[in-house]
Amino acid sequence: MNASYQFAGLQRAKEPGLSVEECAHRIHRLSYVEERLMFLQAAHIVTTPQRDLKGLLSRLQYEDGLHSDLLKGRLMELRVSRAKSFSVPDDGLKTVLDEAMHSDGSVELLAALAKVFKPAMLEAYRDYAGQTNGLADYETARLMRNIIAEEEQALELLEAAYDDVVKTGEDETLALGWAGTLEAMLKAVGGITGVGETLDGNVRAVRSGGPFKVAKRPERDSSFSSVWDVNHVDEDRVPERLAQMIATRLGEITIAEALAIVLLEVDEQPWSFYVAISRHMWDEMRHSLFGEAAAEHVYGDRSALPLRDFEIEYLFAMTPLELYVMLGIGVEAALMKYPPGKRAEYEFCRDIARHPLMTTLQDFDWADEVEHVQIARRQLKEWFPGDADELAALAEKGMQFRARTRQLHPPSPMPIPKER
């Protein structure tokens, strides 16, 4: 008999493994750390100048948010109340993550992620998977397999980013010093899962005495040139219109950066709100990467087209509520109208420009924006205190502010790079 599929192929079926209480203890801490890593990475997208690192942080903050969401759900299946599942499991662990939030610059941020938290999380997940009874604790074991695969790739990518950013001896000294500080603090609270020896007296707030504030102006490297805005181009000027569409996608990086304000500065919302904003942020960064991929494909140079600056000026001047209403109910809902809207952009790429890659990218951009409108409508029912007319008025106010800001400086002609 081939026993490989006995017990449905699940491992350690005849070992006691971890008890429900032990599993819940570890999952509670894992879910909390994943939640805090979502906020940590999202917060630093704004001040991280390196474009490629911004993109990576956007992806990883969303994946960590999803991991936390899945683990919180599993926790409530292990006889843990909803209130406790969403609570802080340990004040010392909170202090460690509060300190990490105040990482200063890309070097310290990558040291915290690539040298401390991601390796520790991966070790904690592997330890859990290697100790639990895979038959009794099937639901968690299954989650762990998927999370471990994503965490392995995340660590590999963060290590590559670390090698790119931490270039000098001074950088290395700074990185190792900060990593050593956080690692010692994490060890003092018993590690990620809290099963190690604790030395709580060694954990105290140094940098995190006050609340963390998201920067109100994004930092950028020199990957792309910039202009205030570009002139609108009609569809009959096909190469220019295609270039404008690609440039518009590129510019959605600013939307992703601005959503960090909503994610970090809006308190007392249900956990589902933060997961939704985290997803919206990653979608907008993906759309910017759409533009980058298309520019590289069409022109052989990802930086062939400029970024627009005017969006920085109004997005970062708004309150979180004003910003989100303007985006979700003002801009994105308007893009559902046809024509012009997202459907028309897709049809232009498919039928007029006949560009297969941009057709695919615009198709998914359209689908994402439909979802964003639904998310905004759903979230604002809980968040916005007024009625539908007041919400529409607030959205219109934001749109007018956007239009006034756009008119502060004249637009530039749409550049037409040479296609390769």
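Description of the structure in this document. Throughout, a residue's number is its position along its own chain's written sequence, starting from 1. Residues qualify for local features only when their pLDDT is at least 70, as the model is predicted, and side-chain atom pairs are given and counted only at 80 or more; totals for whole chains, interfaces and linings, by contrast, use all residues. Side-chain descriptors were evaluated using all non-hydrogen atoms of the structure, hydrogens and water having been removed beforehand.

### As for the nonpolar core
No. 1: The biggest cluster of nonpolar side chains holds 127 residues, and the ones touching the most others in it are Phe117, Ile246, Val262, Leu263, Leu315 and Tyr324.
No. 2: A run of H or I in DSSP counts as a helix once it spans at least four residues, and a run of E counts as a strand once it spans at least two, with each numbered from the N terminus. Ranked by the residues each element gives to this core, the list is headed by helix H5 (residues 105-131), at 15 residues.
No. 3: Pairs of residues are marked as contacts when any of their non-hydrogen atoms sit within 4.5 Å. With residues up to four places along the chain from it excluded, the contact list for valine 262 reads Phe273, Ile277, Pro320, Leu323, Tyr324 and Trp383. Nine residue types can take part in a nonpolar core, namely buried Ala, Val, Leu, Ile, Met, Phe, Trp, Tyr and Cys, and a core is a set of them joined through side-chain atoms within 4.5 Å. Three labels apply to residues, based on accessible area from a 1.4 Å probe with only protein chains included: buried if under 20% of the type maximum, exposed if over 50%, partly exposed otherwise in between.

### Some words on the packing of aromatic side chains
No. 1: Each Phe, Tyr or Trp ring, with Trp reduced to its six-membered ring, pairs with another whose centre is within 6.5 Å; inter-plane angles below 30 degrees give stacked pairs, above 60 give edge-to-face pairs, and intermediate values give tilted ones. In the structure shown here, the tally under the stated rule is 7 aromatic pairs.
No. 2: Here phenylalanine 39 and tyrosine 274 contribute two aromatic rings whose centre-to-centre distance is 5.7 Å and whose plane-to-plane angle is 70°, an arrangement assigned as edge-to-face. Taken together, the positions of phenylalanine 39 in helix H1 (residues 20-44) and tyrosine 274 in helix H10 (residues 271-299) put the pair 235 residues apart, joining distant regions of the chain. Tyrosine 274 matches phenylalanine 39 in its accessibility class, with the two residues each being buried.
No. 3: Grouped by ring-pair contacts, the aromatic residues Phe39, Phe273, Tyr274, Tyr324 and Trp383 constitute a single cluster.
No. 4: Two conditions define a charge located above a ring, namely a distance within 6 Å from the ring centre to NZ of Lys or CZ of Arg, and an angle within 35 degrees of the ring normal. One cation-aromatic arrangement involves lysine 115 over tyrosine 162; the distance from NZ or CZ to the ring centre is 4.5 Å.

### A short note on the packing of H5 against helix H6 (residues 138-165)
No. 1: The N-to-C vectors of H5 and H6 enclose an angle of 155°; their axes lie 9 Å apart at closest approach. With respect to H6, the axis of H5 lies roughly antiparallel. In the packing of H5 onto H6, the handedness of the crossing is left-handed.
No. 2: Residues are grouped as follows: Ala, Val, Leu, Ile, Met, Phe, Trp, Tyr, Cys and Pro are nonpolar; Asp, Glu, Lys and Arg are charged; all remaining types, including Gly, are polar. Residue composition of the contact of H5 with H6, by class: 19 nonpolar, 2 polar and 6 charged. To get an axis, a line is fitted to the C-alpha atoms, and for a helix only the part in contact is used. The angle between two axes follows their N-to-C directions and goes from 0 to 180 degrees. Reported orientations rely on four angle classes, namely roughly parallel under 35 degrees, roughly antiparallel over 145, roughly perpendicular from 65 to 115, and oblique for the rest. With the far helix as reference, a near helix turned anticlockwise by less than a right angle produces a left-handed crossing, and one turned clockwise produces a right-handed crossing.

### Some thoughts on the side chain of glutamine 379
No. 1: Checked against the element boundaries, glutamine 379 lands in helix H14 (residues 356-383).
No. 2: Take glutamine 379: its relative accessible area is 8%, and that puts it in the buried class.

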